[in-house]
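Structural characterization, general
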Amino acid sequence: MVLAEQARPLSPQMSEEHEMLLAAVRDFARREIAPIAAEFDESGQFPLETVRKMGAMGLMGIEVPEEYGGAGMDTLAHVLTMIEIAKADASHSTIMSVHNSLYCYPIQVFGTERQKREWITPVASGEQIGAYSLTEPMSGSDAGNMASRARLNDAGTHYIINGRKSWVTSGPVADRLILFTMTAAEAKHRGITAFLIDTGQPGFSRGKVEPKLGIRASATSEIIFDNYACPVENVLGEVGQGFKIAMTVLDAGRIGIAAQALGIAEAAYAAALDYARQRQAFGAPIGSFQMIQQKIADMKTRIEASRALLYGAIIAKQRALAIGARYTSEASMAKLFCSETAAYVTDEAIQIHGGMGYSKEMPVERYYRDARITRIYEGTSEIQRMVIARNELGLR
């Protein structure tokens, strides 16, 4: 008889500090964010005031050490707070996710001590807005096809950057961003380098603001580089290491988006449950009808299955960071399943609400619109399936 290996924990352990943080964030989200969510969705205005308050609470740099302006907590804290913020408004959670996973995290892992102090601190505290730029008009999932270029000047002191980037979350308001561009186009993926960009310098401008279906208060735009001079000391990691940095960052980012999707699904489920209890038809609450009960059961089951995969990804990340490994499959499975759960639950929530679910008077139509992007950014569902399958098959 072969002894089974020691069972892994089913979920990360919540400490008293986690409990306190969760209670504070839940109260903040309900009091400060939920009441303004519909208004900011309608206007598309960036919610700078509440983002600043989130920074003061440590939410814009949860896993960042306190010495660099963050809260000094762990991935579980990040996920718990992302879920609560997303339940109140997905736009706020998108801004928070970019700060934590796509901006602060790569500088923590690949940055120099000077870069950490100079580039993380003002963003983790919420004083400045950070962004991440990989996608281009003709280059999404195929990063090796990007057209933007950076060339070293004759003096060897600056990289001169030219090109156009698209779908930059927080692009219209970003003070700092991480840019991925080609320094050796002939090398394809191996020719991509990451740069730390100060958007206040000459040669940087902002292009078209995207009129989006959902997460409308999370402003998104093109950004343009026209002979932008970036000092060589602002290269993040090593020259040519950009694709590796981007992929490492996306593992962390996918956990954040999974948490966002779960938060949206929980909000839609809570609204559907409440409506099913209160709405009367044929002399009884519609929740007493078996078809509605089936929907409730399936929604709840998918939400809890999503939570289990998300917690598994957190455990995998903690284990991977301890031994220097990757947690790509676990992050991709969590992101894939949580995002598709959000799509399913928000759709069923509208169905339970009937005609009222199609009205802007109810929040479920916003949840439905916001959920749609979670199957696209940080890698489409198709890309997640490819990543999972290739890892299982041992392909590179």
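Calculation criteria
In this numbering scheme, every chain counts its residues from 1 along its sequence in written order. The predicted nature of this model means local features are confined to residues of pLDDT at least 70 and side-chain atom pairs, given and counted, to a pLDDT of 80 or more, with totals for whole chains, interfaces and linings taken over all residues. Side-chain numbers here rest on the full set of heavy atoms in the structure, without hydrogens or water. Labels follow the DSSP assignment, with helices taken as runs of H or I lasting at least four residues and strands as runs of E lasting at least two, numbered in each case from the N terminus. Computation of the radius of gyration draws on C-alpha atoms alone. For the globule rule, the value is 2.2 Å times the number of residues to the power 0.38. Burial status follows relative accessibility: with a 1.4 Å probe on protein chains alone, a residue under 20% of its type maximum counts as buried, one over 50% as exposed, and anything between as partly exposed. The protein chains shown are the only cover counted for residues, whose accessible areas, like all others here, come from Shrake-Rupley with a 1.4 Å probe. Only four residue types enter the charge count: Lys and Arg as positive, Asp and Glu as negative, with His and the chain ends excluded. Here the site of a charge means NZ on Lys, CZ on Arg, CG on Asp, or CD on Glu. Each residue after the first adds 1.5 Å to the expected span of a helix. Bend, in this description, refers to the angle at a residue between axes fitted to the seven residues ending there and the seven starting there. Scored between 0 and 100, pLDDT is the confidence that the predictor attaches to each residue. We call two residues in contact whenever any of their non-hydrogen atoms come within 4.5 Å of each other. Planes of paired rings set the category: under 30 degrees apart is stacked, over 60 is edge-to-face and the rest tilted, where pairs are Phe, Tyr or Trp rings (Trp by its six-membered ring) whose centres lie within 6.5 Å. Note on geometry: a ring has a charge over it if NZ (lysine) or CZ (arginine) is within 6 Å of the ring centre and within 35 degrees of the ring normal. The criterion is simple. A nonpolar core is a set of buried Ala, Val, Leu, Ile, Met, Phe, Trp, Tyr and Cys residues joined through side-chain atoms within 4.5 Å.

**Digging into the overall build of the protein chain**
When helices and strands are tallied, the protein chain shows 10 helices and 10 strands. At 21 Å, the protein chain has a C-alpha radius of gyration in line with the 21 Å of a compact globule built from 396 residues. By principal-axis analysis of the C-alpha atoms, the protein chain measures approximately 80 × 65 × 40 Å. Taken over 396 residues, the protein chain has a buried fraction of 54%. Carbon and sulfur atoms make up 54% of the accessible area of the protein chain, which totals about 17,700 Å². Across the protein chain, the 41 positively charged side chains and the 45 negatively charged ones have centroids separated by 4 Å.

**Re helix α4 (residues 90-110)**
The end-to-end C-alpha separation of α4 is 29 Å, in line with the 30 Å expected for 21 residues at 1.5 Å each. The largest bend in α4 is about 40°, located at C104, with the proline P106 one to four residues further on. For α4, the buried fraction is high: 19 of the 21 residues fall into the buried class.

**So, the confidence of the model for the protein chain**
With 97% of its residues at a pLDDT of at least 70, the protein chain reaches an overall mean of 94. Contacts of residues 1-7 to residues separated by more than four positions or lying in other chains number zero contacts, the stretch itself having pLDDT below 50.

**Quick word on the environment of K300**
When you line up the elements, K300 lands in helix α7 (residues 290-323). Along the sequence, K300 and Y269 sit 31 residues apart, while their C-alpha atoms lie 7.6 Å from each other.

**Some details on the environment of L80**
Residue placement: L80 occurs in helix α3 (residues 75-88). A C-alpha to C-alpha distance of 9.2 Å links L80 and G263, two positions 183 residues apart in sequence. Sequence-distant contacts of L80, defined by excluding residues within four places in its chain, comprise M14, H18, L22 and Y311.

**Things to note about the packing of aromatic side chains**
Scanning the entire structure with this criterion turns up five aromatic pairs. Residues F204 and F225 carry aromatic rings whose centres are separated by 5.5 Å and whose planes lie at 75° to one another, so their mutual orientation is edge-to-face. One end of the pair, F204, is in strand β6 (residues 204-209); the other, F225, is in strand β7 (residues 220-231), and 21 residues separate them in sequence. Considered together, F204 and F225 belong to a single accessibility category, that of buried residues. In this structure, R176 is placed above the aromatic ring of W119, and the distance from its NZ or CZ to the ring centre is 4.4 Å. The ring of Y344 carries the charged tip of R302 above its face, separated from the ring centre by 3.6 Å.

**Let's talk about unusual backbone geometry**
In the Ramachandran plot, S170 falls in the positive-phi region, its phi being about 70° despite a non-glycine side chain. Positive phi, close to 60°, is recorded for E378, a residue that is not glycine. Here E378 is to be found in the loop between α9 (364-372) and α10 (381-393). The class of E378 is buried, set by a relative accessible area of 12%.

**With respect to the nonpolar core**
Of all hydrophobic cores here, the largest spans 70 residues; its most connected members are I85, L310 and I352. At the level of secondary structure, the elements contributing two or more residues to this core comprise α1 (16-43), α2 (48-56), α3, α4, α6 (242-278), α7, α8 (328-353) and α9. Looking at which element gives the most residues to this core, the answer is α6, with 16 residues. Discounting chain neighbours no more than four positions away, the residues touching I85 are V25, F28, A29, I33, M54, L59, H92, S93 and M96. In terms of nonpolar packing, the next biggest core, distinct from the first, is built from 27 residues, Y103, I120, A194 and A246 among them.

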